[in-house]
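Geometric and topological summary
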Amino acid sequence: MIVAVIRVHPGRWLRHSDRVTVSPPAAPATKRVAASAGMVAVALVIVYLVWGSTYLGIRVVVEEAPPLSGMGARYFTAGVLLALVLAFLHRSGGGFRRLLVTRRELLGCATLGLLLPVLGNGLVSVGEDRGAPSGVTALLIAIAPLMIALFRFLSGDRPRAWSLVGVLLGFVGLAYLVLAGRSTGGSDRVPLDAALIVLFASTCWAFGSWVQPRLTLPGDAFVMTVHEMWIGGLILLASGFLRGERLDPASYSADTWVAWAYLVVFGSMIAFSAYVWLLGNAPISLVATYAYVNPVVAVVLGALILDEPITHAVLVGGAVIVASVAIVISVERVRSR
């Protein structure tokens, strides 16, 4: 679906269906400049490497800190810090006026805050807290592009035959990864409740990525990220409180604090901003390639740092999942051209 947009003032874009009362313009409208290939490449590398390592960071944090409250503090802190950075760097000297948005834009940011930081990332932390290894979690999250293809199919955008093959293959690999070793209780076993939680989180993340272009959002991707993160952080903190979680910062080790700070600065302020920017400036089929790079990074780091076993199920099921994602993304990229 192609949606026409009209720029009515800096930082705001409206769909063609919005009714706007316009006084005689003082100057012609400015066209939105397309992102350069270099900027897209840099943002992709950040998402590839940093997000691949965040699964390890989450695993370290939830060893001592409660999952929802810990991630809520992470996102709220990152949102506030990023807001301060944007206000300080505002060229016109307007400071925090750069962060002003309309009610519809704030509602759009709140929707994404619920789908991405809360249901997407918050539930990942719950899954890891229940025993899902960081590498396996990344492999389960890798089905997001397959779910995006499914949402496109349900919305009437019929995928190609090879896309359907990739989706089916991905679910075969997923089933093997989760179920292998359960009958024997061996080292390949993945806690079923943890796996289901992570799978639901991946579905929410995929839906949020798919629905973002259909929402009314601020034209500035960084402003959008600020509002997504502080809103998502508050929801996570409230959810953790209702769940009975209580933060005890004084009791946490240095490793927990280092991992949490890494998630705030690199995982949220830098990588999350890069991801949101990519969703608005690059084809979603290209953005989704992070899904088969992140698991490789996560599995390797989990094995090197946390001694997580690279089992037969991880190797076989993970390879099938990554291959299926590569098929879907390759087919969809050719189609978009």
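Keep in mind that this is a model prediction, so the values were computed, not measured.

Brief notes about a nonpolar patch on the surface
Judged by side-chain polarity, Phe76, Val80, Leu81, Leu84, Phe96 and Leu234 come together as a nonpolar surface patch covering roughly 480 Å² of accessible area. Per element, the largest residue contribution to the nonpolar patch is four residues, and it comes from helix α2 (residues 67-89). By the secondary structure assignment, Phe76 is in helix α2. We classify Phe76 as partly exposed; its relative accessible area is 30%.

So, the side chain of Ser134
Topologically, Ser134 is positioned in helix α4 (residues 134-141). At 2.9 Å, the side chain of Ser134 and the side chain of Glu308 are in polar contact. Excluding anything up to four places from it in sequence, Ser134 contacts Tyr55, Leu56, Arg59, Glu128, Ala298, Gly302 and Glu308.

Considering the nonpolar core
Within the largest apolar cluster, 90 residues are counted, with the highest numbers of intra-cluster contacts made by Trp51, Leu140, Tyr275, Leu278 and Tyr290. A total of 13 residues in this core trace back to one element, the largest contributor, which is helix α9 (residues 254-281). Non-local contacts of Tyr275, meaning those with residues more than four positions away in its chain, are made with Val47, Trp51, Trp205, Ser209, Val287 and Tyr290.

Some remarks on the environment of Cys204
Inspection of the secondary structure puts Cys204 in helix α7 (residues 192-211). Those residues in contact with Cys204 that sit more than four places away from it in its chain are Leu115, Leu119 and Gly120.

Considerations on the side chain of Ser268
Secondary-structure assignment places Ser268 in helix α9. A residue is classified by how much of its surface remains accessible, and Ser268, at 0% relative accessible area, is buried. Sequence-distant contacts of Ser268, that is, excluding residues within four places in its chain, are made with Arg74, Tyr75, Ala78, Met229, Leu263 and Ser273.

Here we look at the packing of α2 against helix α3 (residues 103-129)
Closest axis-to-axis distance for the α2/α3 pair is 8 Å, and the angle between their directions is 135°. Compared by their axis directions, α2 and α3 come out oblique. Both α2 and α3 take part in a crossing whose hand is right-handed. In this structure, α2 contributes Pro67, Leu68, Met71, Arg74 and Tyr75 to the contact, and α3 contributes Pro117, Asn121, Gly122, Ser125, Val126 and Asp129. A breakdown of the residues in the contact of α2 with α3 according to their chemical character gives six nonpolar, three polar and two charged.

Reading guide: rules and limits
Residues numbered from 1 in each chain as written. Predicted model: local features only at pLDDT ≥ 70, side-chain atom pairs only at ≥ 80, totals over all residues. Heavy atoms only, no water. Patch = residues over 30% accessible without salt bridge, like charges linked within 9 Å, V, L, I, M, F, W, Y side chains within 5 Å. Areas by Shrake-Rupley, 256 points an atom, 1.4 Å probe, with all protein chains shown as cover. Salt bridge = Lys/Arg side-chain N within 4 Å of Asp/Glu carboxyl O. Helix = DSSP H or I, 4+ residues; strand = E, 2+ residues; numbered from the N terminus. Buried < 20%, exposed > 50% of the residue type's maximum accessible area, 1.4 Å probe, protein only. Polar contact = N/O pair within 3.5 Å; in protein donor to acceptor, adjacent residues only side chain to side chain. Contact = heavy atoms within 4.5 Å. Core = buried A, V, L, I, M, F, W, Y, C linked by side-chain atoms within 4.5 Å. Axes fitted to C-alpha atoms, helices over the stretch in contact; angles between N-to-C directions. Parallel < 35°, antiparallel > 145°, perpendicular 65-115°, else oblique. Left-handed = near helix turned anticlockwise from the far one by under 90°. Nonpolar A, V, L, I, M, F, W, Y, C, P; charged D, E, K, R; others polar.

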